[in-house]
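Here is how the chains run, residue by residue.
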Amino acid sequence: MYSILNMRLREQPYRKDPPADLNTRARIRDAAIVVFGEEGFGVGVRAIAKAAGVSPGLVNHHFGSKDGLRAECDEHVRSLIRTAKTEYVLEPSPTATLQALTEIEEYAPLIAYLMRTFQAGGALLVTWFEQMVADVEAYLAIGIEAGTLRSPTDLKATARYLATQSGGGFFFFLQLHEARHDGELDYRKALREFAEQMMLPAVEMSTHGLFTDSTVLDALLAEQ
């Protein structure tokens, strides 16, 4: 979400075959992220347990219920995004951006999980969004303090704008991709198309903006 292309994930929670050195709880969580992304949140515990190579009882032992498991998946995905974005605003570089472009397809299962969250809607989506807005505000503040980002007039409003515009725009792009391919959503291809079509204008607008003067901004500030 919101400029997902800049993420530099050190972990891959979305792998179909979780590394053997992960503890059991982490293996279940990572497998669940993949299964939820592929099949939606209506999938049963048995399917998740099978993907993780454990018994359904062990899933419930660690997480209490499927809802408990999903909550941990949500937090883990948020944590990965938060960490990656914080690293990027502290030290943005062309190398990191180009590396993210090269590896963009690898993020497909993670994006599938986020898309399922978006599609599910309801109270959990509202909670998720508000948490993400708070995360955006936090890493904006970090970037401002580090001197890599400009300080906006209203930090909280800017965080909400970025979360809404970038997140909504990205998922709209995915839905368009699906519609253009006869109902088939290939996340790997969609991410590659997104990178090729959106990266340059996104970076250019973030760097230089569009308006040649501050007339409109000055008028808005005067009204406030």
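What counts and what doesn't
Residues numbered from 1 in each chain as written. Predicted model: local features only at pLDDT ≥ 70, side-chain atom pairs only at ≥ 80, totals over all residues. Heavy atoms only, no water. Helix = DSSP H or I, 4+ residues; strand = E, 2+ residues; numbered from the N terminus. Contact = heavy atoms within 4.5 Å. Axes fitted to C-alpha atoms, helices over the stretch in contact; angles between N-to-C directions. Parallel < 35°, antiparallel > 145°, perpendicular 65-115°, else oblique. Nonpolar A, V, L, I, M, F, W, Y, C, P; charged D, E, K, R; others polar. Core = buried A, V, L, I, M, F, W, Y, C linked by side-chain atoms within 4.5 Å. Buried < 20%, exposed > 50% of the residue type's maximum accessible area, 1.4 Å probe, protein only. Phe/Tyr/Trp six-rings, centres within 6.5 Å; stacked < 30°, edge-to-face > 60°.

Caption draft 1: Quick peek at the side chain of Asp74. Note that Asp74 resides in helix H4 (residues 66-90). If near-sequence neighbours (up to four positions away) are discounted, Asp74 is found in contact with Tyr113, Thr117 and Trp128.

Caption draft 2: Broad picture of the packing of helix H1 (residues 24-39) against H4. The contact between H1 and H4 brings their axes to 9 Å, and the two run at 85 degrees. By the angle class used here, H1 and H4 are roughly perpendicular. Where H1 abuts H4, its residues Arg25, Ile28, Arg29, Asp30, Ala32, Ile33 and Phe36 lie against Lys66, Leu69, Arg70, Glu72, Cys73, His76 and Val77. When grouped by side-chain class, the residues that make up the contact of H1 with H4 number seven nonpolar, one polar and six charged.

Caption draft 3: Layout of the nonpolar core. Counting residues in each nonpolar core, the largest one holds 38 residues, and the members touching the most others are Phe36 and Leu69. Considering every element that reaches this core, the biggest residue donor is helix H6 (residues 108-120), with seven residues. Setting aside its immediate chain neighbours within four residues, Leu69 contacts Ile28, Arg29, Ala32, Phe36, Ile48, Val59 and Phe63. If you look at the next biggest cluster of nonpolar residues, it comprises seven residues, including Val133, Val136, Tyr139 and Ala159.

Caption draft 4: Molecular detail of the packing of H6 against helix H7 (residues 122-146). In contact at an axis separation of 7 Å, H6 and H7 are set at 125 degrees when each is read in the N-to-C sense. Classed by the angle they form, the pair H6 and H7 counts as oblique. Listed contacts from H7 to Leu114, Thr117, Phe118 and Ala120 of H6 are Gly122, Leu125 and Trp128. When grouped by side-chain class, the residues that make up the contact of H6 with H7 number five nonpolar, two polar and no charged.

Caption draft 5: Highlighting the packing of aromatic side chains. Under the criterion given, the structure shown has seven aromatic pairs. On the basis of an interplanar angle of 50 degrees and a centroid distance of 5.1 Å, the ring pair of Phe36 and Phe41 is categorised as tilted. With a relative accessible area of 1%, Phe36 lands in the buried category. Using a relative accessible area of 15% as the deciding quantity, one classes Phe41 as buried. Among the aromatic residues, ring-to-ring pairing joins Phe118, Phe170, Phe171, Phe173 and Phe194 into one connected group.

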